[in-house]
Amino acid sequence: PYKYTPHPIYNIFGDQLEKGEAVKNINKDFHIDLSGKNVILFFGYVRKYKGLKYLIDAMPEILKSVDVTLLIVGEFYEDEKITYDHIKKLELEEKIHVVSDYIPNEKVRYFFCASDVVVLPYIDATQSGITQIAYYYDKPVIATDVGGLSEAVHDGKTGFLIKPKDPKSVADAVVKFYREDLEKKFSENAKEEKKKYEWERMTEAIEELYEK
């Protein structure tokens, strides 16, 4: 016997903060000033399959239409110089900030609460816990339509699903998100969607299996 249940939300990083308070904490602890800026977030270990390159490649096209700042936050499992050189080559040093380090649990919420939308440009994936962290903080997600990501991200409702390895697809989704002012709508939907991922659902599934 088996019972399908989704990956629960991560609720270990502390309560949600007001965006302004999160921005102040990032400035104090990481010396990055995000005051009054549109912020998109890439969070988690940086590995080739995460497709960060395609998000960076999308930034020049995004910036033609919307003034945004990209936060890249997480430990690098590849040569981080490749990423820094890529940013420099595209002359994006003022628009992309990198925190290439392990983030303590108590500071994870700063980055999610300071951002408008989380972007997962993965080349391939089974699933990503980053979506569940984003939903815990009521944040929309733009993700590639690979692996199980489409099971959690509902296109046009809690975010957008886009093509992998396609900077234009990334850019189009980010621009549409801001141009159509979708943050509030998507955030409300994410708040509702996360009810599916409560730990109680996992507990109920285990109890149902046990009873069989």
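The rules behind the values
- Residues numbered from 1 in each chain as written.
- Predicted model: local features only at pLDDT ≥ 70, side-chain atom pairs only at ≥ 80, totals over all residues.
- Heavy atoms only, no water.
- Salt bridge = Lys/Arg side-chain N within 4 Å of Asp/Glu carboxyl O.
- Helix = DSSP H or I, 4+ residues; strand = E, 2+ residues; numbered from the N terminus.
- Buried < 20%, exposed > 50% of the residue type's maximum accessible area, 1.4 Å probe, protein only.
- Core = buried A, V, L, I, M, F, W, Y, C linked by side-chain atoms within 4.5 Å.
- Contact = heavy atoms within 4.5 Å.

Q: Please explain the pattern of salt bridges as it appears in this structure.
A: Oppositely charged side chains can form a pair if their charged atoms are brought close together. Tallied over the entire structure, the rule returns 17 salt bridges. Residue Asp29 is joined to Lys107 by a salt bridge in which the shortest nitrogen-to-oxygen separation is 3.6 Å. Here Asp29 is found in helix α1 (residues 19–30), whereas its partner Lys107 is found in helix α4 (residues 105–114), with 78 residues between them in sequence. You can call Asp29 partly exposed: its relative accessible area is 24%. Of the charged contacts in the structure, one is a salt bridge between Glu204 and Arg201, with a shortest N-O distance of 2.8 Å.

Q: Would you take a moment to explain the nonpolar core for this structure?
A: A general feature of soluble globular proteins is that nonpolar side chains tend to end up buried together. Phe43, Leu71, Phe111 and Phe112 are the most contacted members of the largest nonpolar core, which totals 39 residues. Looking at this core, the elements with two or more residues in it are α1, β1 (38–43), β2 (68–73), α4, β4 (117–120), α5 (129–136), β5 (141–144) and α6 (149–152). The greatest single-element share of this core, amounting to 6 residues, is contributed by α4. Setting aside residues no more than four positions away along its own chain, Phe112 makes contact with Leu41, Phe43, Val118, Ile130, Ile133, Ala134, Tyr137 and Lys139. Of all hydrophobic cores here, the second largest spans 32 residues; its members include Ile56, Val68, Phe76 and Ala173.

The values are spatial; any link to function lies outside them.
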